Amino acid sequence: MFLRIFEKVFKGESTKKAIVSNKDNAQGNKSNITSTRIGDLGEYKINIQLDQLPKNSKYLSDVLIHNNKAKSGYSQIDHVVFTPFAIFVVETKNYAGTIYGDRSRGKWSVNGNFPLMNPFNQNYGHIQAIKGVLETSDESHFVSMVSFTKRCTFKVNDELRKIQSNDLIVYDIELSEYITRKINVLKIQNSKPIYTSGELQYLYNRLKDANISDSQIRDKHVEKLKEKDSREIVKNESKLSTCKTCGKEVSEKVKAYCLTNKERFKGNTYCYEHQKHL
């Protein structure tokens, strides 16, 4: 059953539309928009992808839940997909360019210039918040997925693209494909589903009930994130130096060397490895 979109879709990375969808609704009711969070075209494409999943799957989009460990006091999760064999937690990104990243590094970058937090670390925090709501300590049944648009090119760990991993980086147009493939792998590994239909419904309802739809709370959360982003930009501009090619952090000494050799490096900073090619 395909999702009907009742709101216009706008552009934007930091704010997204709230959609709650139940793919296994016996009465056939369509999804309802539960908050005023503005969405973009990428979110529309993701929800179309999620509507292609098997009927025994359920998903929630734009979930805001309490998280005492988060600086804002909340976690905002783009998509949570409940299936009999795993719970998929999806973080979506709307960047354009080459994404440089390593699973073990705290900072990634876009085009080697714009730093961003490791999205899998961010999603790990989301999973912990969800576990608190669902009252489960078992993390093995969660799959962390980060989705980028096709305007990006990945320069990341190879294993993040392998279906055997529980950390997967995908393009938005292949999200449903990867989820389906992952479920098929889990079916082979497990003789029977991890969750019965009743358990799946229970977990879905718990998270749905915990979802905060109050527009004022959501607006305050977004404002806190904007303030945090502004502080991070200032901090990164003053302290963080990265290689223009690979995004790897470099020392102030390396940065100074590159900047003093303007004719060779043209005002850019490169790590030792990529200095050799210039």
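1. With respect to the overall build of the protein
At step 1: In terms of helices and strands, the protein carries 8 helices and 11 strands.
At step 2: Split into buried and exposed, the 278 residues of the protein put 46% on the buried side.
At step 3: Long-range contacts, defined here as pairs at least 24 residues apart, represent 60% of the contacts in the protein between residues at least 6 apart.
At step 4: A total accessible area of about 14700 Å² is found for the protein, and carbon and sulfur atoms account for 49% of it.

2. Re the confidence of the model for the protein
Low-confidence regions, as indicated by low pLDDT, have predicted coordinates that should not be scrutinised in detail.
At step 1: Averaged over the protein, the pLDDT score is 82; the fraction of residues at 70 or greater is 80%.
At step 2: Across residues 1-39, where pLDDT falls below 50, the model places 108 contacts with residues more than four positions away in sequence or in other chains.

3. Notes on the nonpolar core
At step 1: Leu 50, Val 81, Phe 88, Met 145, Leu 175 and Ile 179 are the most contacted members of the largest nonpolar core, which has 20 residues in total.
At step 2: For this core, the secondary-structure elements that each account for two or more residues are α1 (41-50), β5 (87-92), β9 (142-148), β11 (167-171) and α3 (175-189).
At step 3: Ranked by residues supplied to this core, first place goes to α3 with 6 residues.
At step 4: In this structure, Val 63, Ile 77, Ile 87 and Leu 207 belong to the second largest nonpolar core, which totals 19 residues.

4. Considerations on the environment of Val 254
At step 1: Assignment of secondary structure puts Val 254 in helix α6 (residues 252-260).
At step 2: In the structure, Val 254 is positioned 13 residues away from Ser 241 in sequence and 9.0 Å away in space, judged by C-alpha atoms.
At step 3: Filtering out sequence-adjacent residues up to four positions away, Val 254 remains in contact with Tyr 270, Tyr 272 and Gln 275.

5. Some details on the sheet that holds strand β6 (residues 97-100)
At step 1: Overall, mixed pairing links the 4 strands, which are arranged β8-β7-β6-β10 in an open sheet. With one partner strand each, in any of the chains shown, β8 (114-117) and β10 (152-155) form the two edges of the open sheet. The average angle at which neighbouring strand axes cross in this sheet is 25°, direction not considered.
At step 2: Two elements, β6 and strand β7 (residues 107-110), share 2 bridges in a ladder whose sense is antiparallel. Bridge pairing links Ile 99 to Val 110 in β7.

6. Here's the deal with the packing of aromatic side chains
At step 1: Taken as a whole and judged by the stated rule, the model has 8 aromatic pairs.
At step 2: Note on Tyr 95 and Phe 114: the rings are 6.0 Å apart at their centroids and 50° apart in plane angle, and the pair reads as tilted. With Tyr 95 in the loop between β5 and β6 and Phe 114 in strand β8, the pair connects residues that are 19 residues apart, well separated along the chain.
At step 3: Given a relative accessible area of 19%, Tyr 95 falls into the buried group.
At step 4: Consider the rings of Phe 148 and Phe 154, whose centres lie 5.7 Å apart with planes at 70°: the pair is edge-to-face.
At step 5: Under the relative-accessibility criterion, Phe 154 is labelled buried at 14%.
At step 6: Put simply, the rings of Tyr 95, Phe 114, Phe 148, Phe 154 and Tyr 171 pair up and form one aromatic cluster.
At step 7: Over the ring of Tyr 204 we find Lys 58; its NZ or CZ atom is 5.6 Å from the centre of that ring.
At step 8: Across from the ring centre of Tyr 171, 4.3 Å away, lies the NZ or CZ of Lys 150, which sits over that ring.

Calculation criteria
- Residues numbered from 1 in each chain as written.
- Predicted model: local features only at pLDDT ≥ 70, side-chain atom pairs only at ≥ 80, totals over all residues.
- Heavy atoms only, no water.
- Helix = DSSP H or I, 4+ residues; strand = E, 2+ residues; numbered from the N terminus.
- Buried < 20%, exposed > 50% of the residue type's maximum accessible area, 1.4 Å probe, protein only.
- Contact = heavy atoms within 4.5 Å.
- Areas by Shrake-Rupley, 256 points an atom, 1.4 Å probe, with all protein chains shown as cover.
- pLDDT = per-residue confidence, 0-100.
- Core = buried A, V, L, I, M, F, W, Y, C linked by side-chain atoms within 4.5 Å.
- Pairing = 2+ DSSP bridges.
- Axes fitted to C-alpha atoms, helices over the stretch in contact; angles between N-to-C directions.
- Phe/Tyr/Trp six-rings, centres within 6.5 Å; stacked < 30°, edge-to-face > 60°.
- Lys NZ or Arg CZ within 6 Å of the ring centre and 35° of its normal.

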